[in-house]
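Structural overview
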Amino acid sequence: MDKIVIKGGVPLAGEVMVSGSKNAALPIMMASLLTSEPVVIRNVPQLRDIATALSLLHNLGVEGRWLDDHTLELCASRIISHQAPYELVKTMRASFFVLGPLLARTGRARVSTPGGCAIGARPVNLHIRGIRALGTRIQMRHGYVEAHADRLTGARIWLDTPSVGATENILMAAVLARGHTTLENAAREPEVQDLARMLNAMGAKIRGAGSHVIEIEGVERLHGTEHTVINDRIEAGTLMVAAAITGGDVLVRGACADQLKATIAKLQESGIEVTPEADGLRVRRKGPVRPVELRTLPYPGFPTDLQAQMMALLAHGEGTSVITETIFENRFMHALELLRMGADIVMKGPTAVVRGVPRLSGAPVMATDLRASSSLVLAGLAAENTTEVHRVYHLDRGYEALDSKLRSLGARIERVPDRGAS
Ligand code: UD1
């Protein structure tokens, strides 16, 4: 296992390129199960979660090969298994996304339920309810969802909450169902829209992705296609906060202003300059970080996946900020580590009150989940002296080469073997 060692205090400067979106690429990879023809997926980031998805698909019989560093060809000409085992689903919840496409293509699937997660309970009841509404017989046995359907049938489905994963799973099942499906209170995230674009390019008939109501006209079969995954708006936001927290001046190339409206608004409110340029967003900070009130919400609201990074920024500023997390019930684990770096944060239920301090101080800290780990790296960039971030495997699940990208902007950051790691 590695750790990341950061000597803080260098304002970042220069240009950096955003990678392809992990959260878009994962369901898009699972969608390859829906056709026997090859699909070519471009702009796929090199990440641990992508490798996990590849081995899951490989177990199911999908042949995968890299055509270049970021282009993947997947071909599910033969499905040889119907099972997503616990070992894979527990390491990556997105493995659960094979339920919909596997069922739609073959009429059966046996997928482990994901269980708990560091940031909250994260049930899959909405995935199951939606798939069941499409005419699937579902039994829960020995920790697995066992699903059978002779032919899925379109239905009217209402999601209690606009779950990203449930929307994607149901979408991948409904495209091959007989008749019409209406999915109401659907998630509107850009990753859902990207999946719908990919499915439509495969011959699906989906309308309304990006709105709360998605209409799907089932088709008999889908065919192969080529698709380029959207850039990672969460990585883009993380790099923007890196520029801001260090008082730097960075052009984040490939950052899409349209997908980052809430993030840009909050950064600007806190005194950060964000300027759209031809191929990205330029982020600069000259004055102090000012306090803001921030609430995580489904898209287009402020993303929960950038909450930890914003907390690091606001901890290193002036005045008192209030952050409310409304998506996950236990997503302040990073706050406890930020306290060890001299932050002044009080948590009560879903709310964190962050009183800015003039300077964070470097410390050994431990990553607890993906976004928490990036917030600790950001805090380390701004802190005095040295910060060591342990358990960086969380970071490697979802950020492509974050340490070398930050180094290219002048950060004093290195990855070394963590000899003390258990
Ligand atoms: C996806 C993202 C994750 C992001 C999250 C919210 C991927 C691979 N992951 O996760 O990075 O943080 O969206 O933007 O795309 N819920 C239920 N029942 C369900 C499903 C969800 O109650 O069946 C609840 C969850 O517990 C949570 C909320 O709905 O409180 C939103 O979760 P959801 O949108 O499903 O997140 P994921 O798809 O798991």
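Quantities reported herein were computed from a predicted structural model and do not represent experimental measurements. (Residues numbered from 1 in each chain as written. Predicted model: local features only at pLDDT ≥ 70, side-chain atom pairs only at ≥ 80, totals over all residues. Heavy atoms only, no water.)

**Brief notes about the overall build of the protein**
Of regular secondary structure, the protein possesses 14 helices and 24 strands. Taken over the C-alpha trace, the protein has a radius of gyration of 21 Å; the compact-globule value for 422 residues is 22 Å, and the two agree within 12%. For the protein, the C-alpha atoms occupy an extent of roughly 65 × 45 × 40 Å along the three principal directions. With 422 residues in all, the protein has 58% of them scored as buried. The long-range share in the protein, meaning contacts at least 24 apart out of those at least 6 apart in sequence, stands at 74%. Carbon and sulfur atoms make up 49% of the accessible area of the protein, which totals about 16,200 Å². Here the protein holds 48 positive side-chain charges and 44 negative ones, and the gap between their average locations is 3 Å. (Helix = DSSP H or I, 4+ residues; strand = E, 2+ residues; numbered from the N terminus. Rg over C-alpha atoms; globule rule 2.2 N^0.38 Å. Buried < 20%, exposed > 50% of the residue type's maximum accessible area, 1.4 Å probe, protein only. Contact = heavy atoms within 4.5 Å. Areas by Shrake-Rupley, 256 points an atom, 1.4 Å probe, with all protein chains shown as cover. Lys, Arg positive; Asp, Glu negative; His and termini not counted. Charge placed at Lys NZ, Arg CZ, Asp CG, Glu CD.)

**Some details on the packing of aromatic side chains**
Under the criterion given, the structure shown has 0 aromatic pairs. The ring centre of Tyr-144 lies 4.0 Å from the NZ or CZ of Arg-110, which sits over that ring. (Phe/Tyr/Trp six-rings, centres within 6.5 Å; stacked < 30°, edge-to-face > 60°. Lys NZ or Arg CZ within 6 Å of the ring centre and 35° of its normal.)

**Here's the deal with the side chain of Ser-373**
Positionally, Ser-373 belongs in helix H12 (residues 370-382). The residues touching Ser-373, leaving out its near neighbours within four places in the chain, are Ala-367, His-394 and Leu-395.

**Brief notes about the pattern of salt bridges**
Enumeration according to the criterion identifies 26 salt bridges in this entry. Of the charged contacts in the structure, one is a salt bridge between Lys-3 and Glu-388, with a shortest N-O distance of 3.4 Å. Highlighted residues: Lys-3 in strand E1 (residues 2-7) and Glu-388 in strand E23 (residues 386-390), separated in sequence by 385 residues. Of the charged contacts, one joins Arg-42 and Glu-226 as a salt bridge, the two residues approaching to 2.5 Å between their closest N and O atoms. Here Glu-226 lies in strand E14 (residues 226-228) and Arg-42 lies in strand E3 (residues 39-42), a separation of 184 residues in the sequence. Three or more residues are tied together by salt bridges with common partners; here these are Asp-2, Asp-396, Asp-403 and Arg-415. (Salt bridge = Lys/Arg side-chain N within 4 Å of Asp/Glu carboxyl O.)

**Digging into the site of the ligand**
Not every one of the 16 residues close to the ligand is listed here, only the nearest: Asn-125, Leu-126, Ser-163, Asp-305 and Ile-327. In the model, an oxygen atom of the ligand is placed 3.0 Å from a nitrogen or oxygen of the Asn-23 side chain. The protein chains hide 83% of the 740 Å² of surface that the ligand would expose on its own. Of all the secondary structure elements, the ones that give two or more residues to the shell around the ligand are helix H5 (125-133) and helix H6 (164-174). Broken down by element, the shell around the ligand gets its largest block of residues, 3 residues, from H5. Looking at side-chain class alone, the shell around the ligand contains 6 nonpolar, 7 polar and 3 charged residues. (Near = heavy atom within 4 Å. Polar contact = N/O pair within 3.5 Å; in protein donor to acceptor, adjacent residues only side chain to side chain. Nonpolar A, V, L, I, M, F, W, Y, C, P; charged D, E, K, R; others polar.)

**Quick word on the pairing of strand E16 (residues 273-277)**
Summarising the sheet, E16 and strand E17 (residues 280-284) pair through 5 bridges and their orientation is antiparallel. Across the sheet, residue Glu-273 finds its bridge partner in E17, namely Arg-284. If you look at the hairpin formed by E16 and E17, you'll find 2 residues sitting between the two strands. (Pairing = 2+ DSSP bridges.)

**Looking at the packing of H5 against H6**
It is the contact of H5 with H6, at a shortest axis distance of 8 Å, that shows an interaxial angle of 25°. Regarding the angle of H5 to H6, the classification is roughly parallel. As for the relative orientation of H5 and H6, their crossing is right-handed in sense. Facing Leu-126, His-127, Gly-130 and Ile-131 of H5, the residues of H6 in contact are Gly-165, Ala-166, Asn-169, Ile-170 and Ala-173. Residue composition of the contact of H5 with H6, grouped by class: 5 nonpolar, 4 polar and no charged. (Axes fitted to C-alpha atoms, helices over the stretch in contact; angles between N-to-C directions. Parallel < 35°, antiparallel > 145°, perpendicular 65-115°, else oblique. Left-handed = near helix turned anticlockwise from the far one by under 90°.)

**Quick look at unusual backbone geometry**
Cis geometry is adopted by the peptide bond preceding Pro-300, which originates at Tyr-299 and carries an omega value of 10°. The residue Pro-300 is located in the loop between strand E18 (293-295) and helix H10 (307-315) in this model. Not every positive phi belongs to a glycine, and His-142 is a case in point at roughly 55°. The exposed category is assigned to His-142, whose relative accessible area is 71%. In the Ramachandran plot, Asn-385 falls in the positive-phi region, its phi being about 60° despite a non-glycine side chain.

**As for the pairing of strand E8 (residues 137-141)**
The pairing of E8 with strand E9 (residues 144-148) spans 5 bridges and is classified as antiparallel. Bridge assignment links Arg-137 to a residue of E9, and that residue is His-148. Between E8 and E9, which follow one another and run antiparallel, lie 2 residues, and His-142 among them has a positive phi close to 55°.

**Describing H10**
Side chains that are three or four residues apart share a direction in an α-helix, a result of its 3.6 residues per turn. Where burial is concerned, most of H10 is hidden: 9 out of the 9 residues are buried. Burial in H10 covers these residues: Gln-307, Ala-308, Gln-309, Met-310, Met-311, Ala-312, Leu-313, Leu-314 and Ala-315.

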